[in-house]
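So you can see what is in the structure, the chains are spelled out below.
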Amino acid sequence: MAKDTGFLELSRQTPSMRLPAERIQDFDEHYARFDEQQACGQASRCMDCGVPFCHRACPLGNRIPEFNQAVYDKQWQRAYEILSETNNFPEFTGRICPAPCEASCVLSLHSEAVSIEHIEKEIAERAWETGWVASGRPALLRRQAVAVVGSGPAGLAAADQLNRLGYRVHVYERDDRPGGLLMYGIPDYKLNKQIVQRRIEWMRAAGITFHCGIELGRDLSLAELRESFDAVVLAIGARLPRDLPIAGRHLKGVHLAMDFLAQSNRRQQGDVLLDQEIISCTGQDVLVIGGGDTGSDCIGTAIRQAARSVVQITLEEQPPGQRAPENPWPEWPRIFRTSSSHEEGCERYWAINTQAFLGDDAGQLRALRVEEVHWENHAGGSRWQPVAGTVREIPCTRAFIAIGFASAEQELLSDNGLQTDTRGNIQATRHATNLSGVFAAGDARRGQSLVVWAIAEGRQAAEAVHRYLSKAGTDEASL
């Protein structure tokens, strides 16, 4: 236990955050850094519980009480060693993880959880600054080579683990830069792209080869990869978006959320986009459809592009302010949340069903027709019913559909003979698909999920590949 009275003496504290009026002027990250005194103080609140439920909630199984103890003792290098044993990219999760570990912290039963995520970020950044992030080059290089398709968090984690085991790893990415969702799906104010690029360069120096602008099924076939490599890991994500097939979907100004976010990230990196329409929110009335993280990212991005107004609607009812009886600790709390983007200026409406996009004579979006709904509980679950007399129009000139993702591209899977589950994800038992030597990880296997789950999936897939190739008995060669 870091300090037996720490949780009694100190309350939860997070690093200072830039005020909304300041941060909407740029895409810089929101949070400052913990100083050593703050970090050690927060680590002292960890009770090192007999049953640490934070472990249960963390998909990576991070040894949280142990690295908290090391931080409290100011043994920062030891803290990084503990953290990096289970987490390949703590600099990512320390910024963009929703911290299910904190939701399951025993302190949250009667107080506020330990600031685990911010402690994790501070450990990672100190490690980079001090040179503790050692070279990832393996001491032993095997003859086998593995192809990883996709360089999002799952693909990067699989590649890193396989490289550490000595395999010759080649990563194939359809975009012009590695990083996948980390690079093009998450705004800079949550995850600065220099942080992603820093890790990519480290992986290159460790011996991993990245091939960008190569799309599976267009530039390279799965059959070719299987012939050229001893194993293949498919970490292609769940990039098939859920659309909104209602009247007026074709109107100018209606876009999928990820098209908007990816383009904004490219523009922030200085890319010149000559081959596509620029999606700009400057001076526009913006409507975001969907209440998740992607919708929140659209809000923050639209505000930074100087939108005239921003409204968010969602079909679900507004969650309660506190846990409901059927949502006990240590489950993830399904409660009302306000993101940093919401704080910056956004109207929010709940229990709203979309009926039709409405346009002017020039085919430009001018409004969305909606109706309020009422949710009713039934034996088979809850269903919504429209509320009579509530149909109205919400004026908007830009609408972003942010209602999630369905699965990986089905044509790609069917063309390669990959079996899928009932949800359209790649069916893979212990990450092994129905094709010999082909494995799946991340959203492509489990469906749309968290970055921390994707990293865990990539690590597990790498273990599965290692077991498979170890049985093959290929000789090894020392470096």
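As shown above, the structure is provided for reference.
Scope of this entry: the structure provided in the associated data block. (Residues numbered from 1 in each chain as written. Predicted model: local features only at pLDDT ≥ 70, side-chain atom pairs only at ≥ 80, totals over all residues. Heavy atoms only, no water.)

### Focus: the overall build of the chain
Definition in use: Working definition: helices are DSSP H or I runs of at least four residues, strands are E runs of at least two. Numbering for both runs from the N terminus. Only C-alpha atoms enter the radius of gyration; for comparison, a globular chain is expected to reach 2.2 Å times N to the power 0.38, where N is the number of residues. Accessible area is worked out with a 1.4 Å probe on protein chains only. A residue is then buried under 20% of its type maximum, exposed over 50%, and partly exposed in between.
Looking only at helices and strands, the chain features 19 helices and 18 strands. For a compact globule of 479 residues, the expected C-alpha radius of gyration is about 23 Å, and the chain comes in at 23 Å, within 12% of that figure. Taking the principal axes of its C-alpha atoms as reference, the chain extends roughly 70 × 60 × 50 Å. Burial statistics for the chain: of 479 residues in total, 53% are counted as buried.

### What about the sheet that holds strand β10 (residues 347-349)?
Under the convention used in this document: Strands are labelled as partners when DSSP assigns at least two bridges between them. Lines are fitted to the C-alpha atoms to define the axes, a helix being fitted only along its stretch in contact, and any angle between axes, read from their N-to-C directions, falls within 0 to 180 degrees. Contacts between residues were defined by any pair of non-hydrogen atoms, one from each residue, lying within 4.5 Å.
Taken together, the five strands give an open sheet; going across it, the order is β7-β15-β8-β9-β10, and neighbouring strands pair in parallel fashion. This sheet does not close on itself; its edge strands, each paired only once, are β7 (254-256) and β10. Shown here is a sheet whose adjacent strand axes are inclined to one another by a mean of 20°, direction ignored. Looking at chain direction, strand β8 (residues 285-289) and strand β9 (residues 309-313) are connected through five bridges and run parallel. Within β9, the residue paired with Leu-287 across the bridge is Val-311. Helix α14 (residues 257-268) contacts β7 and β15 (398-401) of the sheet and is inclined by roughly 80° relative to β7. Here helix α15 (residues 293-304) sits on the sheet and contacts β8, β9 and β15; the angle it forms with β9, its principal contact strand, is near 175°.

### A word on the sheet that holds strand β3 (residues 168-173)
With parallel pairing, the five strands of this open sheet are ordered in space as β4-β3-β2-β5-β17. Edge positions in the open sheet fall to β4 (209-212) and β17 (438-440), since each of these has one partner strand only. Mean inter-strand twist for the sheet, computed between neighbouring axes without regard to direction, equals 20°. Strand direction decides the pairing type here: strand β5 (residues 231-234) and β17, joined by three bridges, are parallel. Residue pairing across strands places Val-232 opposite Val-438, the latter belonging to β17.

### As for the environment of Gly-6
Checked against the element boundaries, Gly-6 lands in helix α1 (residues 6-9). Measuring from C-alpha to C-alpha, the distance between Gly-6 and Arg-45 comes to 4.4 Å, with 39 residues separating the pair along the chain. Once residues within four sequence positions are removed from consideration, Gly-6 is found in contact with Ser-44 and Arg-45.

### Re the pattern of salt bridges
Spelled out, the test is: Any carboxyl oxygen of Asp or Glu within 4 Å of a side-chain nitrogen of Lys or Arg constitutes a salt bridge here.
Inspection of the entire model under this criterion finds 37 salt bridges. The closest approach of N and O atoms between Arg-18 and Asp-26, which form a salt bridge, is 2.7 Å. In this structure Asp-26 comes out as partly exposed when scored by relative accessible area, which is 22%. The salt bridge involving Glu-215 is made with Arg-218; its shortest N-O contact spans 3.3 Å. What makes Glu-215 partly exposed here is its relative accessible area of 21%. Look at Arg-218 and you get exposed, because its relative accessible area is 55%. One continuous salt-bridge network, built from bridges that share partners, spans Arg-33, Glu-36, Glu-122, Arg-126 and Glu-129.

### Considering the nonpolar core
We apply this condition: Nonpolar cores are built from buried Ala, Val, Leu, Ile, Met, Phe, Trp, Tyr and Cys residues. Side-chain atoms within 4.5 Å join them into one set.
In terms of nonpolar packing, the biggest core is built from 75 residues, with Phe-67, Val-71, Ile-123, Leu-162, Leu-182 and Val-233 touching the most fellow members. In terms of residue count, helix α19 (residues 451-472) provides more of this core than any other element does, ten residues in total. In terms of nonpolar packing, the next biggest core, distinct from the first, is built from 21 residues, Leu-222, Ala-408, Leu-413 and Ala-428 among them.

### Structural notes on helix α3 (residues 36-44)
How we decide: Whenever two N or O atoms come within 3.5 Å, that pair is a polar contact, provided that in protein one can donate a hydrogen and the other can accept it, and provided that, for residues adjacent in sequence, both atoms are side-chain atoms.
Among the residues of α3, those classed as buried are Ala-39, Cys-40, Gly-41, Gln-42, Ala-43 and Ser-44. Residues of α3 that are buried sit in contact with α1, α5 (64-72), α6 (76-84) and α9 (116-130). Two or three places before Gln-37, at the start of α3, stands the capping residue Asp-35, its side-chain oxygen 3.2 Å from that residue's backbone nitrogen.

### With respect to the environment of Thr-433
Along the chain, Thr-433 falls in the loop between α17 (410-415) and β17. Since its relative accessible area comes to 10%, Thr-433 is described here as buried. Other than its neighbours up to four places away in sequence, Thr-433 contacts Leu-418, Ile-426, Gln-427, Ala-428, Val-438, Phe-439 and Ala-440. A polar contact is formed between the side chain of Thr-433 and the backbone nitrogen of Leu-435, at a distance of 3.1 Å. In this structure the side chain of Thr-433 is engaged in a polar contact, spanning 2.8 Å, whose partner is the backbone oxygen of Val-438.

### Examining the packing of aromatic side chains
Convention followed: Classification of ring pairs uses Phe, Tyr and Trp, with its six-membered ring standing for Trp, and accepts pairs whose centres are within 6.5 Å; under 30 degrees between planes counts as stacked, over 60 as edge-to-face, and the remaining range as tilted. We call a charge positioned over a ring when the NZ of a Lys or the CZ of an Arg lies within 6 Å of the ring centre and within 35 degrees of the ring normal.
What the rule picks out here adds up to seven aromatic pairs. Aromatic side chains Phe-89 and Phe-92 sit 5.3 Å apart centroid to centroid with 35° between the ring planes, which places their arrangement in the tilted category. The class for Phe-92 is buried, based on a relative accessible area of 0%. The cationic tip of Arg-126 hangs over the ring face of Trp-76; the distance from NZ or CZ to the ring centre is 4.2 Å. Sitting over the ring of Tyr-167, Arg-142 keeps its end group 5.0 Å from the ring centre.

As far as function goes, none of this settles anything; it's purely spatial.
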